[in-house]
Amino acid sequence: MADSENPLLKALPPETDYLSYLTILEYNLTAEQLPTLHDILQDTTLTANIGWDLVHLLLPLLPASHQCIQDVARLGNPREVVLKVTELLEAFGEEEEAEGEEESENIEELEKLKEPGVSEDDAHEDDVQDGENVAAKFTTSEGPSRPPSKGVKFTALLEMLSVLHPRIKTKYPSRFLSTSLQAILPAYSQVARTTEATEAVLGFIKALSGTRRPKLPPRKSSVMIPTQATPVSAPDPEGQDEALGVDEKGLQSRLLQSFLTYVTEAYMSSTALDEDVPGLAWSSRYQEELHPEKIIPGRRTYGSLFAEEEHLHERDTITGHILSLARDLKLGAEGLLSTITKPDELDLDEEQELPSSASDVPLSKTGSMFILATMAASSTLFDAPASLPSLSLVPDFAGILASSLGDSATGSTGAESEPLIDAVLFLGFLIINPQPNVPAGADNDHVFNNVLQRLSLLSANMPSPVLRYHAHLLTSTILHLNPSEDSRLAFIRDTLEHCPFENLKASAIGWLKDEILAAEKAERSKDKPDAEDSIFATSAALNSLAPFIFPNPEKLMEGQSITGSYATFQAHQPFYLAVLNLLYLLLSSTTLSSRLQMAEVAKQNELPRFLDSLLQAAKKFQSSLSNDELEYGDEQGRNDGFLVMELMEMAVGQAQHALSKVGMKDLEA
């Protein structure tokens, strides 16, 4: 097309007014016209007058329109363009459903062009009937192309804001910045899983913070946006030479600090649970560092996964970039810890009046949690220098738990995102290694119990097996750190008596076993033979817990149908097996059996009757399964039921055999 016939050139102002020219652009702008538009936009006066209304026309033509979008950011009126970009970001959520439907329609239209016997003229006629030429909007000289993804459009808008905000010259630039940040966060949360979008957000923060760091390492990408040396931007046509308002620098810095914490929260919460890898898997990687002897031979470690898998290695790279920005923005560990443990504040992404001072701007508690854990991980796992506060189990970790996890009273603990739980557990492991000095006292016992309740509920409710194990391990370790034996025993008893989760009651049996074994080890290494025995090294602990350790299975199932009894028995099966394993350990060990007076414990608590009741129940349900007297679902449910009952019979048999060797007289009496 000759220049004289090109409508974009022919209608240039002053041939038409600016509003009319925008209308002409809207109806004639295609991918082939973008080079022409790029040349046109070099007219600073023209771009300053129409640039703000070009953004929504250029976004659907990405990535080909990237250069024109940058022209608008450099040469358009920065105040007007910032408001337009902010408006488009705010509309991201509203467009989500419509965009999916439109994209499907566009794909159908493009596929239609490829069908044999369907010409472009035929397709054009259909498009005219629909009111829009879809093929023209998304077709280049190289052929049809799909509309850009939301992530690509988001990245382009963030790149624009990185250019636009530094151009605005006003006494209160924080007002523009605050508005933009509140628009970015909801939009980013929709595309946080894409690396390009996260890199764009972090690049935006870096550009506005004034830091100059190397870009992230190159990576493979499905979207290649051309990058060039950015030409000089035009001055703000409405700018005035006036000093910044009082505390403007501090307010802008605080806004960026807050924004980084919320971006971190959105990014970390978006990381998928791939191959049971929660977030950055800090807990698992730290345990591998502490206990390499426990690594299963032939099994890939979490360390190797993050080194070799590209999508996991990217998480390390991005969090490293986040940590660098946190340092540049003077986000210190002390301030992060204070944010995590203090009462809730208003969220930055909630609608509220623009802040007038730095103290009005909140940090994200969850984002602060992630950044604090990242600081700790960089020092612990990667030997990077980090200035961390000296964290204590009480009150620091207690405060972190109370702030980060759900209410233990309602049982909501465990519903949080896996990356957040992993970060909390990692800090817990970090605090207890090496073993902290925990003072005794009633106040500390109360805090200890709150910590243990939250962690134990986490170990019961977590769907992720690796995090469930870490929560159990941390609970067991912290329980043993309480210097008061009476408090430890009371917590175990409270769990066995009142906890509604059978798997957690099974864990309580495990805690009891650990306490007994630790007490036995301490007894063997005592310097003074006449020193007072631990309560867990005598029969006192077992006898006090006996009503809850050895409940009568028949009473639990009274008044129920055979199907109801079977369901109840299956629900209690993890607890019963834990009790049987504990019994076998205590009865088969000559030392433990003698020290704990197991013969007397067995007689006093009628262990033979308890074991026989379990055995008879298992046999009854096995018979009912064979005779199809139970509702067990499909055949797999039936087979699983047989397996569970056989396992129960075997465990009871082992315990009965060990019991017969303790040398009791008149045991059956």
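Residues numbered from 1 in each chain as written. Predicted model: local features only at pLDDT ≥ 70, side-chain atom pairs only at ≥ 80, totals over all residues. Heavy atoms only, no water.

Peer 1: What is the right way to read the overall build of the protein from this model?
Peer 2: Assigned secondary structure in the protein consists of 32 helices and 2 strands. Taken over 669 residues, the protein has a buried fraction of 49%. Sequence separation of 24 or more characterises 79% of the internal contacts of the protein that already satisfy a separation of 6 or more. (Helix = DSSP H or I, 4+ residues; strand = E, 2+ residues; numbered from the N terminus. Buried < 20%, exposed > 50% of the residue type's maximum accessible area, 1.4 Å probe, protein only. Contact = heavy atoms within 4.5 Å.)

Peer 1: Help me understand the packing of aromatic side chains in this model?
Peer 2: For any pair of aromatic rings, the description consists of the separation of the ring centres together with the inter-plane angle of the planes. Within the structure shown, the criterion is met by 11 aromatic pairs. Aromatic side chains Phe550 and Phe610 sit 5.5 Å apart centroid to centroid with 65° between the ring planes, which places their arrangement in the edge-to-face category. Placement of the pair is Phe550 in the loop between helix 26 (539-549) and helix 27 (553-556) and Phe610 in helix 31 (residues 607-626), with a sequence separation of 60 residues. Grouping aromatic residues by their ring pairs yields a cluster made of Tyr566, Phe569, Phe575, Tyr576 and Phe621. We note Arg285 situated over the ring of Phe306; from NZ or CZ to the ring centre the distance is 3.9 Å. (Phe/Tyr/Trp six-rings, centres within 6.5 Å; stacked < 30°, edge-to-face > 60°. Lys NZ or Arg CZ within 6 Å of the ring centre and 35° of its normal.)

Peer 1: Any chance you could explain helix 13 (residues 195-209) here in plain terms?
Peer 2: In an α-helix, one full turn covers 3.6 residues, which means residues spaced three or four apart are oriented alike. Taking 1.5 Å of rise per residue, the 15 residues of helix 13 would be expected to cover 21 Å, and the 21 Å separating its terminal C-alpha atoms lies within 8% of that figure. Those residues of helix 13 lying buried are Thr195, Ala197, Thr198, Ala200, Val201, Leu202, Phe204, Ile205 and Lys206. Taken together, the buried residues of helix 13 touch helix 11 (150-167), helix 12 (173-191), helix 14 (248-270) and helix 17 (310-328). Looking one or two places after helix 13, you find Gly210, whose phi comes out positive at around 85°. (Expected span 1.5 Å × (residues − 1).)

Peer 1: So what exactly am I meant to see when it comes to the side chain of Ser476 here?
Peer 2: Turning to its location among the elements, Ser476 is positioned in helix 23 (residues 465-481). In this structure Ser476 comes out as buried when scored by relative accessible area, which is 14%. Within the structure, the side chain of Ser476 is placed 2.9 Å from the backbone oxygen of His472, a separation counted as a polar contact. With residues near it in sequence (within four places) discarded, Ser476 still touches Trp511 and Asp514. (Polar contact = N/O pair within 3.5 Å; in protein donor to acceptor, adjacent residues only side chain to side chain.)

Peer 1: I keep staring at the pattern of salt bridges and nothing clicks. Help me out?
Peer 2: If charged atoms from side chains of opposite charge come close, those side chains can pair. Taken as a whole and assessed by the stated rule, the structure comprises 13 salt bridges. Arg488 is the salt-bridge partner of Glu515, the closest N and O atoms lying 3.1 Å from each other. Of this pair, Glu515 sits in helix 25 (residues 502-524) while Arg488 sits in helix 24 (residues 485-498), and the two are 27 residues apart along the sequence. Per residue, the accessibility class of Glu515 equals that of Arg488, and both read buried. The salt bridge partner of Glu606 is Arg609, with a shortest N-O separation of 3.7 Å. Linked by salt bridges that have partners in common, Glu520, Glu523, Arg524 and Arg595 make up one network. (Salt bridge = Lys/Arg side-chain N within 4 Å of Asp/Glu carboxyl O.)

Peer 1: For this particular structure, what's the right way to read unusual backbone geometry?
Peer 2: For residues other than glycine, phi is negative in most cases, and the peptide bonds are mostly trans. Residues Pro13 and Pro14 are joined by a peptide bond in cis, for which omega reads 15°. Structurally, the position occupied by Pro14 is in the loop between helix 1 (7-10) and helix 2 (18-28). Cis rather than trans, the peptide bond between Leu62 and Pro63 has omega equal to 5°. In this structure, Pro63 sits in the loop between helix 5 (55-58) and helix 6 (66-75). Of note in this structure, Gln597 is not a glycine but carries a positive phi near 55°. Within the secondary structure, Gln597 sits in the loop between helix 29 (590-595) and helix 30 (598-604). Positioned with a positive phi, Glu606 is a non-glycine residue whose angle comes to about 55°.

Peer 1: It is not clear to me how the side chain of Ser304 should be interpreted in this structure. Could you clarify?
Peer 2: Here Ser304 shows up in helix 16 (residues 302-308). In this structure the side chain of Ser304 is engaged in a polar contact, spanning 2.7 Å, whose partner is the backbone oxygen of Thr301.

Peer 1: It is not clear to me how the confidence of the model for the protein should be interpreted in this structure. Could you clarify?
Peer 2: Close inspection of predicted coordinates is inappropriate for parts of the model with low pLDDT. Averaged over every residue, the pLDDT of the protein is 82; the share at 70 or more is 81%. Counting interchain partners and residues more than four positions distant, the pLDDT-below-50 stretch residues 118-144 has 35 contacts. When the criterion is pLDDT under 50, residues 665-669 qualifies, and its contacts beyond four places in sequence or with other chains add up to 4 contacts. (pLDDT = per-residue confidence, 0-100.)

Peer 1: Would you take a moment to explain the environment of His56 for this structure?
Peer 2: Checked against the element boundaries, His56 lands in helix 5. Taking the relative accessible area as the measure of exposure, His56 reaches 31% and is therefore partly exposed. With 32 residues separating them in the primary sequence, His56 and Leu88 have C-alpha atoms 7.6 Å apart. Not counting the four nearest positions on each side in its chain, His56 is found in contact with Lys84 and Leu88. Here the side chain of His56 touches Asp53 through a polar contact of 3.3 Å, landing on its backbone oxygen.

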